[in-house]
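# Observations on the three-dimensional arrangement
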Amino acid sequence: MSISCVFTKETSNIAFLSPVNYNRPLYKPPMIFGVLNISTNIHILGVLDVCCESVQHLLITQNQAFLHPCEHAYIFLACVYACFLSCKAQLDTTLSQHHLLGSKQTAVLQTTGDDAMASDPLVFWQKVLKSVETTALNSCVLYIFCLQWTIWLANCKLKTIQELQEKLPSLFETLSAGVGDDMRYSAATGKSSNAPLLVMDPRRLIELLQICTFMAQGAERLNEGRSSEALTDLQTASSLPAPRTLVAYLHLLSGSCLAQMSRPQMALQCFRKALETDSHCVCALYQSMLIYRQLGNRQAEIQALRLLHSTLMLPSATETVVADTHLLSPSLLLRSQSMSSLLSVPSALTVLHSLALKCLLHGRVSDSVEHYLDLLAALHSEHQYRVHAEVPSLPRLPELYLEAGTALLMAQRPIDCVALCDEVISTTLEVLPEKVVLEEPEERGEAKTGAVWKEGEEKVVMLLWTGAAYLLQGHCHTHLKDWKQAVTHYTRCINLLVKVCFKKKGFQPQIPSTDMVNKQRKDLCILQRLKGLSLAGRGISFTQTDQLKEALRDLQLSLQAFPECVGAGLWYGEVLWRLGRRHEAAACWEKTWSITTQSTVEIVPVYLQEPQSGPLLDSSELRHRLQELGPT
């Protein structure tokens, strides 16, 4: 008599077929004969219990003349193997708290005369493997051990695997060498019978477990900063047979190790190999972009971002690539946090935003406008971009509008910029508070660098967005030389900003000044910068209508709020020169040119950079004036 375990891939069913003579008087066919449908909603432990009960009902409670006890165990273990692999989608954390072979399962092994039960999984498997070491069940139990290995790996129990490798090194050597070409038990029974048909070749499973274990260990060590040790693990894994997807991942992880070891060029070579091996390995393209960013190669970074976005937009990039491993996908075994972070890729929208912003910051204005318009269109369309991993979210919509408006202004499209700013203002203006008071955080909270005060945070953000929209509209009217409208919009921005007061501990609320600004407090820095730019814009507009007194006042206030404002400094000197205070003007220009500020291109929001349009002063012409003036 023989029993075959058959897996039907299309229906996710397991059938157990037997040529038993149903006319025998003492035989009652149990429910295991037929088809057991394994729903993905059923926990794998429950499925195994059902199978165990059915198989034991067949093998143990029936007439013992039918099967040898070893055959009982052998067929049972084949059933466990099939059920487990067919339910591989249920490899969740609950499994890690159980032995794969529980009380019902080990009862079958007890037919060999051994009691293998133990609470500790390492002790348990040591006993089980020892009890069958010289029996015909050895190869079958080793395959069942591989299922336990699968559970440990899927639940990131790398320390448990490592402990067992240290205690039973010969076990893993045996698995690596192979434990037989089939699962026959005729030698123990003296009967001629066929081995059960398995749903997955155990040798393929062992190879998959070995390479995924090395990769998971390498990822953990890389995350801990042990790059050289991680690279050794990955080199060992590269000598093993593996599907194309895993080979690409090996190149990717090796490149990440080399990048951490400050070998960026070698890392780029590994990322290129990963893409050549598997064109779906978009995480290698993303890591290449990060390397170019680290090296300061802006052109290559922008090209990589453009290629990454194009790749993510392809339908194949959003489909899960299943390696040639039949039932068990490598993605089920590589689920550690370290591995997930290395394989993470931003969404297509996030990449498109990065591309638009980089183009804007580095002079590719027309490309930036195109990307921003595509981004806004995508956000408003019904089409949803698929996100491949958890990544930092996009800026909020008003901020994206402000960035896009800045790009349009730089592209000489002020009318379109005004329209986008109107959208921001219409969304936020009605909900703005009459007054916002920012309190100094308590001493215990001051250590939190960059923390924004919780009280009134959302109100301040909306107020800053509205103020920035008015500022951009003022720049647009300046570009159009509509000085009256420019003054109006700059004034609206200033009137909003004076609603924000800062309250120090033990003092009354007051309008923030430069000496109150702490660089760790981003909201106050932005507030002062916005105030300085709006005052400077209004002052420059006054100079164009010969309102020099008002211009002098605003430009002086601008420099008090934002001392690093180059435009305000130069125009302040220009107003002084026109008023006949030439030596003061010369001193102002010299002071402005001597200011050395760190680049804020990547730090300050792009819509709060000093405008490059509108009336500008030629520094070479100003220096010529100073030469004519003589020594100050």
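## Observations concerning the overall build of the protein chain
Across its full length, the protein chain carries 26 helices and five strands. A total of 632 residues make up the protein chain; the buried ones form 50% of that total. Summed over all atoms, the accessible surface of the protein chain reaches about 30500 Å², with 51% contributed by carbon and sulfur.

## Observations regarding the environment of Leu312
Along the chain, the position of Leu312 falls in helix H14 (residues 298-312). For the pair Leu312 and Pro346, spaced 34 residues apart in sequence, the C-alpha to C-alpha distance is 9.2 Å.

## Some thoughts on unusual backbone geometry
Although it is not a glycine, Lys481 sits at a positive phi angle of roughly 60°. Within the secondary structure, Lys481 sits in the loop between helix H20 (457-479) and helix H21 (483-497). Residue classification places Lys481 among the exposed positions, given a relative accessible area of 62%. Located in the positive-phi region is Asp546, a residue other than glycine, with phi close to 60°. Secondary-structure assignment places Asp546 in the loop between helix H22 (522-544) and helix H23 (548-561). By relative accessible area, Asp546 is classed as exposed at 60%.

## A word on the packing of helix H25 (residues 582-594) against helix H26 (residues 619-629)
The geometry of H25 relative to H26 is characterised by a closest axis approach of 11 Å and an angle of 135° between their N-to-C directions. It follows that H25 is oblique to H26 by the angle criterion. Crossing angle aside, the handedness with which H25 passes H26 is left-handed. Contacts between H25 and H26 involve Arg582, His583, Ala586, Trp589, Glu590 and Trp593 from the former and Ser619, Leu622, Arg623, Arg625, Leu626 and Leu629 from the latter. Of the residues assigned to the contact of H25 with H26, the class counts are six nonpolar, two polar and four charged.

## What about helix H13 (residues 282-295)?
The terminal C-alpha atoms of H13 lie 20 Å apart, and with 14 residues this matches the ideal 20 Å at 1.5 Å per residue to within 8%. Taken together, the buried positions of H13 are Val282, Cys283, Ala284, Leu285, Tyr286, Gln287, Ser288, Met289 and Ile291. For H13, the secondary structure elements touched by its buried residues are helix H11 (244-260), helix H12 (264-277), H14 and helix H15 (337-343). Just past H13, the residue Gly296 takes up positive phi, approximately 75°.

## Some points on the pattern of salt bridges
In the structure shown here, the tally under the stated rule is 16 salt bridges. The salt bridge partner of Arg272 is Glu276, with a shortest N-O separation of 3.5 Å. You can see Arg272 and its partner Glu276 sitting in helix H12, four residues apart, about one turn around the helix. Each member of the salt-bridge network shares a partner with another, and the members are Arg293, Arg298, Glu301 and Lys358.

## Observations concerning the packing of aromatic side chains
Using the criterion set out here, one finds one aromatic pair in the structure. The ring of Trp593 has Arg623 sitting right over it, with the charged end atom 3.8 Å from the ring centre.

## Some words on the confidence of the model for the protein chain
Overall, the prediction assigns the protein chain a mean pLDDT of 75, with 64% of residues at 70 or greater. Here residues 1-69 is modelled with pLDDT under 50, and outside its nearest four sequence neighbours on either side it reaches 124 contacts, counting other chains as well. Confidence drops under pLDDT 50 across residues 320-325; counting only partners more than four residues distant or on other chains, this segment forms 10 contacts.

## Examining helix H19 (residues 414-428)
A rise of 1.5 Å per residue sets the reference length of H19, with its 15 residues, at 21 Å; its end C-alpha atoms lie 21 Å apart and thus fit the reference within 8%. Residues of H19 that are buried include every one of Pro414, Cys417, Val418, Leu420, Cys421, Val424, Ile425 and Thr428, and no others. Along the axis of H19, the buried residues cluster in a sector spanning 165°; they form a single face. Summarising the geometry of H19, the exposed residues directed more than 90 degrees from the buried face are Ile415, Ser426 and Thr427. In the core, the buried residues of H19 are packed alongside helix H17 (365-380), helix H18 (397-410) and H20.

## As for the packing of H19 against H20
Direction vectors running N to C along H19 and H20 enclose 155°, while the axes themselves pass 9 Å from each other. By the angle between their axes, H19 is roughly antiparallel relative to H20. For H19 against H20, the interelement crossing comes out left-handed. Within the contact between the two elements, H19 uses Pro414, Cys417, Val418, Cys421, Asp422, Val424, Ile425 and Thr428 and H20 uses Met462, Trp465, Thr466, Ala469, Tyr470, Leu472, Gln473, Cys476 and His479.

## Some details on the environment of Tyr572
Inspection of the secondary structure assignment puts Tyr572 in helix H24 (residues 566-578). In sequence terms Tyr572 and Gln556 are 16 residues apart; their C-alpha atoms lie 7.0 Å from each other. Ignoring any residue separated from it by four or fewer positions in sequence, one finds Tyr572 in contact with Leu552, Leu555, Gln556, Leu559 and Cys588.

## Structural notes on the nonpolar core
One finds Leu402, Leu530 and Tyr607 to be the most contacted residues of the largest nonpolar core, which totals 76 residues. Residue contacts for Tyr607: discarding those within four places in its chain leaves Glu399, Leu402, Glu403, Thr406, Trp465, Ala468, Leu471 and Leu472. If you look at the next biggest cluster of nonpolar residues, it comprises 67 residues, including Leu129, Met289, Val351 and Leu355.

## Description of the environment of Ile291
Tracing the sequence through the fold places Ile291 in helix H13. Distance in space between the C-alpha atoms of Ile291 and Leu268 is 7.5 Å, their sequence separation being 23 residues. For Ile291, the residues in contact, after removing those within four places along its chain, are Ala259, Pro264, Leu268 and Phe271.

So, how was this worked out
- Residues numbered from 1 in each chain as written.
- Predicted model: local features only at pLDDT ≥ 70, side-chain atom pairs only at ≥ 80, totals over all residues.
- Heavy atoms only, no water.
- Helix = DSSP H or I, 4+ residues; strand = E, 2+ residues; numbered from the N terminus.
- Buried < 20%, exposed > 50% of the residue type's maximum accessible area, 1.4 Å probe, protein only.
- Areas by Shrake-Rupley, 256 points an atom, 1.4 Å probe, with all protein chains shown as cover.
- Axes fitted to C-alpha atoms, helices over the stretch in contact; angles between N-to-C directions.
- Parallel < 35°, antiparallel > 145°, perpendicular 65-115°, else oblique.
- Left-handed = near helix turned anticlockwise from the far one by under 90°.
- Contact = heavy atoms within 4.5 Å.
- Nonpolar A, V, L, I, M, F, W, Y, C, P; charged D, E, K, R; others polar.
- Expected span 1.5 Å × (residues − 1).
- Salt bridge = Lys/Arg side-chain N within 4 Å of Asp/Glu carboxyl O.
- Phe/Tyr/Trp six-rings, centres within 6.5 Å; stacked < 30°, edge-to-face > 60°.
- Lys NZ or Arg CZ within 6 Å of the ring centre and 35° of its normal.
- pLDDT = per-residue confidence, 0-100.
- Arc of directions from axis to C-beta.
- Core = buried A, V, L, I, M, F, W, Y, C linked by side-chain atoms within 4.5 Å.

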